[in-house]
Amino acid sequence: MVFSDFQLATPILKAVTLCGYTEPTPIQEQTIPPIMLGRDVMGLAQTGTGKTAAFVLPILNRLMQGSRGHVRALVIAPTRELAEQIHEAIGNLGRDSRIRSITVYGGVNANTQIAKLKQGAEIVVACPGRLLDHIGQGTVDLSRLEVLVLDEADQMFDMGFLPDIRRIMKHLPRQRQTLLFSATMPDEIRSLARSVLNDPVTVQVGKTAPAVTVSHALYPVDPHLKTALLLELLRRTDTESVLVFTRTKHRAKRLGEQLVKAGYRAASLQGNLSQSRRQAALDGFRDGTFQILVATDIAARGIDVTQISHVINYDIPNTTDAYIHRIGRTGRVARTGDAYTLVSGDDTDMVRGIERILGGPVDRRTVPDFDYNAPAPRKNNEFAREPRQHTQGRKTARPKHSAAQKNTPAQLSTGKPKTIWRSGDHQRGQRLRSGIRP
Ligand code: AMP
């Protein structure tokens, strides 16, 4: 199948070519035709499958016809970063359409958004909270909305946005086309789908299994040696951009700082940052200024950086869905990627869950010559214990230097040239070059 089979308007087809898309991805192949027919669609697809273009292309095509200067399509997304990415995709794919899109989310000046809304845009890409504010203040007019997209609905549910979504719904015309995308289908999303979609076409790509282009590996290690092992893996592995996940904002920040101290071009992305700093971290990661981004699940949701070669779970995720989302950042579209997960004793149940969704055991690897028996230091052991789930109201004691920092130099300086091996039949035996040495 080729894009011209979709009967898209010429300016849109041209933009598709300029974006370098040669053939539609499976989600695009299956969703674009029913969307173009005006049907409601329930799309079960994770990020990295091309789902943004799957809804952006038919929406642009629709909006090329008809009146301009008022909001005709609304895309609701869970995070600001995802909203920006969708807005960017609209800009790229709609470059010759003269269709305007604006983003609406919290953490930035509302007046600027109001001014832009007044100037008139055909597409609004919004996060739920700020959109509700605008609806409440009468600064956005959705009365002539034709298409609604709920993107990453399961994440919106995880983030507690479903009540907001239901409130927003009350302000939208009943007569509209609705598209709902979700990587997973918990009961709450099933029930949301039932209430917002009208006779939908359901499209599913890859079930909730992770992209087949990703190979997975587990690295068992004691918690206090995680940073040292991560540094060692980075030193020995040939990588492009690397996304590292931690379980808490605090750990993301600290680990980001430690990587910078170790000489890497690294940044952290977590909810405590101001919007401008989050955007700077993300832009820097996208343009290669930062080679490593350390993030929490929520901050990293939907990040689309095509050259991510490795996702490293410094902390194993809490759910198998979160694992799928995390590793959905690599192996995007036809590229290949690696997902490394550092695991310690407490992680056995989650490892079992991950192996279940992957359909078999995951390679356990050790890094040759790494000192797995290095003792935990008696102090400065912030990362030696598992992260607290909840630290609200109490300040965690902050040691001046972390355990890993203390351990790392000794372990890294004694190394002679080392080899590690990738898993996966097609890659087995392929020696990895030392990669992103600082
Ligand atoms: P998404 O799943 O929407 O986040 O898209 C993941 C990445 O795939 C983005 O960088 C898109 O630009 C890219 N992409 C989308 N559609 C195609 C396509 N048909 N061919 C190649 N790349 C694509």
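Counting restarts for each chain, with residues numbered from 1 along the sequence as it is written. The predicted nature of this model means local features are confined to residues of pLDDT at least 70 and side-chain atom pairs, given and counted, to a pLDDT of 80 or more, with totals for whole chains, interfaces and linings taken over all residues. Remark: hydrogens and water are excluded; side-chain values derive from all non-hydrogen atoms of the structure.

This paragraph deals with the overall build of the chain. The numbering of helices and of strands both runs from the N terminus, where a helix is a DSSP run of H or I of at least 4 residues and a strand a run of E of at least 2. In terms of regular secondary structure, the chain is built from 16 helices and 14 strands. Exposed residues in this analysis have more than 50% of their type's maximum accessible area, buried residues have under 20%, and partly exposed residues fall in between, with area computed by a 1.4 Å probe over protein chains only. By the burial criterion, 56% of the 438 residues in the chain qualify as buried. Taking all contacts inside the chain whose residues are at least 6 apart in sequence as the whole, residues at least 24 apart take part in 77%. In the structure as shown, the chain presents an accessible area of about 19300 Å², 49% of it carried by carbon and sulfur atoms. Throughout, a residue-residue contact means that at least one pair of heavy atoms, one from each residue, lies within 4.5 Å. Per-residue and other accessible areas follow the Shrake-Rupley method at a 1.4 Å probe size, with only the shown protein chains counted as cover for residues.

Another point: helix α12 (residues 275-286). Given 3.6 residues per turn, any residue in an α-helix points the same way as the ones three and four places further on. An ideal rise of 1.5 Å per residue puts 16 Å on twelve residues; α12 measures up with 16 Å between its terminal C-alpha atoms. Regarding α12, the residues found buried are Gln275, Arg278, Gln279, Ala281, Leu282, Gly284 and Phe285. Packing partners of the buried residues in α12 comprise α4 (80-93), β9 (241-245), β10 (266-269), β11 (292-295) and β12 (308-313). Just downstream of α12 lies Gly288, where phi reads positive at about 90°. One less than the residue count of a helix, multiplied by 1.5 Å, gives the span that helix is expected to have.

So, on to the nonpolar core. Throughout this description, the term nonpolar core refers to a set of buried Ala, Val, Leu, Ile, Met, Phe, Trp, Tyr and Cys residues connected via side-chain atoms within 4.5 Å. In this structure, Leu74, Ile76, Leu150, Ile165 and Leu180 are the most contacted members of the largest nonpolar core, which totals 33 residues. Sequence-distant contacts of Leu150, that is, excluding residues within four places in its chain, are made with Ile76, Met156, Ile165, Met169, Leu179, Leu180, Phe181, Leu192 and Val196. Of all hydrophobic cores here, the second largest spans 32 residues; its members include Phe3, Val16, Ile35 and Ile59.

In this section: the site of the ligand. We define proximity as follows: a residue is near a molecule or strand when any one of its heavy atoms falls within 4 Å of that partner. Residues in close proximity to the ligand total 16 residues, the closest being Tyr21, Gln28, Gly48, Gly50 and Thr52. In the environment of the ligand, an oxygen atom lies 2.6 Å from a nitrogen or oxygen atom belonging to the side chain of Thr52. Taken by itself the ligand offers 490 Å² of open surface, and the protein chains cover 85% of this. Under the convention adopted here, Pro, Cys and the residues Ala, Val, Leu, Ile, Met, Phe, Trp and Tyr are nonpolar, Asp, Glu, Lys and Arg are charged, and Gly plus all remaining residues are polar. Here the residues of the shell around the ligand are counted per class, giving four nonpolar, eight polar and four charged. Whenever two N or O atoms come within 3.5 Å, that pair is a polar contact, provided that in protein one can donate a hydrogen and the other can accept it, and provided that, for residues adjacent in sequence, both atoms are side-chain atoms.

A few words now on the confidence of the model for the chain. Overall, the predicted model of the chain reaches an average pLDDT of 82, with 81% of residues at or above 70. Taken together, the stretch residues 384-438 has pLDDT below 50 and engages in 118 contacts with residues farther than four places along the chain or on a different chain. Values of pLDDT, which run from 0 to 100, indicate the predictor's confidence residue by residue.

A positive phi angle is found at Gln7, which is not glycine, with a value near 60°. As for its position among the elements, Gln7 is in the segment before α1 (10-18). In this structure Gln7 comes out as exposed when scored by relative accessible area, which is 63%. Positive phi outside glycine occurs at Asp369, with the angle close to 70°. For Asp369, a relative accessible area of 53% translates into the label exposed.

Let us look at the pairing of strand β6 (residues 177-182). Regular strands have side chains that alternate between both faces of the sheet. With respect to burial, β6 is a largely interior element, six of its six residues being buried. Side chains Gln177, Leu179 and Phe181 of β6 all project onto a buried face; the interleaved residues Thr178, Leu180 and Ser182 project onto the opposite face, where all are buried too. Judged from the four bridges that link them, strand β1 (residues 41-44) and β6 form a sheet pairing that is parallel. Bridge pairing links Gly43 to Phe181 in β6. We call two strands paired when DSSP finds no fewer than two bridges between them. In terms of strand pairing, strand β5 (residues 147-150) meets β6 through four bridges, oriented parallel. Following the sheet pairing, Leu150 is matched in β6 by Leu180.

Right, let's talk about the sheet that holds strand β7 (residues 201-204) for a bit. Strand order across the open sheet formed by seven strands is β3-β4-β2-β5-β6-β1-β7, with parallel pairing between neighbours. A strand with exactly one partner marks an edge of an open sheet, and here the two such strands are β3 (101-104) and β7. With strand direction ignored, the average angle separating the axes of adjacent strands in the sheet is 15°. Bridge count for β1 against β7 is four bridges, and the pairing is parallel. Along β7, the bridge assignment pairs Gly43 with Val203. Along the sheet, helix α3 (residues 51-64) makes contact with β2 (73-76), β4 (123-126), β5 and β6, crossing β6 at roughly 165°. Angular values range over 0 to 180 degrees, each being the angle between N-to-C directions of two axes fitted as lines to C-alpha atoms, with helices fitted over their stretch in contact. Helix α9 (residues 187-196) contacts β1, β5 and β6 of the sheet and is inclined by roughly 170° relative to β6.

This brings us to helix α2 (residues 26-36). Buried within α2 we find Ile27, Gln28, Thr31, Ile32, Pro34 and Ile35. Residues of α2 that are buried sit in contact with β1, α3, β6 and β7. A positive backbone phi angle near 90° is found at Gly38, which sits one or two residues after α2.

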